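Descriptive structure summary
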Amino acid sequence: MLSFFAGYEGHALLAGIGIALVEVAQGYIRQYLLANKIQVRRSLHLAKYRNLFKLVLELVWSLGAPVLALYLGFFSTQNIGIPLPDWRLALPWIAVTLAAALVWISWLWGRHWVRHPEERPDLHQAEQTLSISGVLAHVLSQEGYSASARAALIPLCGTYWGIWAGIAAKIGISLLMPAIRADFSLPGKRDLVLLDWASDLVCGALFVLTGSIIITGSARLVLRGMALALARWLPSKAGSVNNQGKDN
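The following paragraphs examine the structure supplied in this document. Computed from a predicted model, the values in this text were never measured in an experiment.

To continue, consider the nonpolar core. Within the largest apolar cluster, 22 residues are counted, with the highest numbers of intra-cluster contacts made by I105, W109, W113, L195, L206 and L223. Elements supplying a minimum of two residues to this core: α5 (87–115), α6 (132–157), α9 (187–210) and α10 (213–233). Take this core: its biggest share by element is eight residues, from α10. The contact partners of L195, leaving out residues within four places of it in the chain, are I105, W109, L223, R224 and A227. With ten residues, the next largest nonpolar core counts A12, A65, F75 and A152 among its residues.

Below is the structure:
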């Protein structure tokens with residue numbers, strides 16, 4: 001057992017476990033501070049900007065942790081996804097996979113939001129999490145956590161199965177986060193959590209095909225942007241009925 005953790009596979013797995021533990025710990029610390037309403041100097045306006053603070057903190061850790069593990073030799077650039085793909089071979093597969101994902105997600109999420117507009121994300125509130133910078137920070141942090149999970153498990157499970165094991169681990173870790181569990185219980189936020197998990201699956205398929213985090217990050221940004229556009233612009237079933245009644 002000790003010999004396993006002395007090798008590269010063990011180092012990568014330990015680094016991934018450490019990153020996950022810190023991720024979960026900071027989630028519980030944030031939850032504790034909010035639950036007990038601990039004041040952190042109103043002069044700093046931290047309460048007003050807590051969503052932005054959370055995004056920045058998560059972004060720094062999610063991207064900084066795999067970079068640090070890479071620098072220390074625990075992760076490899078290939079497993080993180082830093083090398084660029086062979087565009088001549090990858091571009092057709094990227095186009096087909098992303099197009100299929102866009103149709104799949106727009107059909108499922110769009111149809112659901114038309115029928116149940118009360119479950120759409122509330123885009124009319126000026127929250128940092130739904131602003132352009134908030135969406136970019138969220139996408140980057142999701143890709144950072146995916147890179148860590150993937151790089152931790154590929155040495156142990158192999159290139160193909162390690163990618164899917166990393167996705168399963170990332171989703172499992174997210175279920176340990178109190179904020180994610182709280183969002184999953186709210187109609188206006190549940191579908192965004194499910195969107196992240198669906199994007200994990202799409203990005204996993206793209207990483208199998210390309211091995212590039214640039215491709216997976218771009219795809220995740222497109223999928224989230226498309227879903228938020230649907231949430232903003234799709235008519236509701238109730239609204240359509242009312243409009244028809246007015247026309248009559």
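Going through the model one piece at a time under the given rule, you end up with seven salt bridges. Ionic pairing is found between R88 and D86, a salt bridge with its closest N-O pair at 3.8 Å. R88 sits in the exposed class, given a relative accessible area of 74%. Note that R190 is salt-bridged to E119, the shortest N-O span being 3.8 Å.

What counts, and at which threshold
Every chain begins its residue count from 1, and numbering advances along the sequence as written. A pLDDT threshold of at least 70 governs which residues receive local features in this predicted model, and a stricter bar of 80 or more applies before side-chain atom pairs are shown or counted, although totals over entire chains, interfaces and linings include all residues. The basis for every side-chain value is the complete set of non-hydrogen atoms in the structure, without hydrogens or water. Put simply, buried Ala, Val, Leu, Ile, Met, Phe, Trp, Tyr and Cys residues joined by side-chain atoms within 4.5 Å make one nonpolar core. When accessible area is computed with a 1.4 Å probe and restricted to protein chains, residues below 20% of their type maximum are described as buried, those above 50% as exposed, and intermediate ones as partly exposed. Strands are runs of DSSP state E lasting at least 2 residues, helices are runs of H or I lasting at least 4, and numbering of each runs from the N terminus. Two residues form a contact once any of their heavy atoms are found within 4.5 Å. For this document, the term salt bridge refers to a Lys or Arg side-chain nitrogen within 4 Å of an Asp or Glu carboxyl oxygen.

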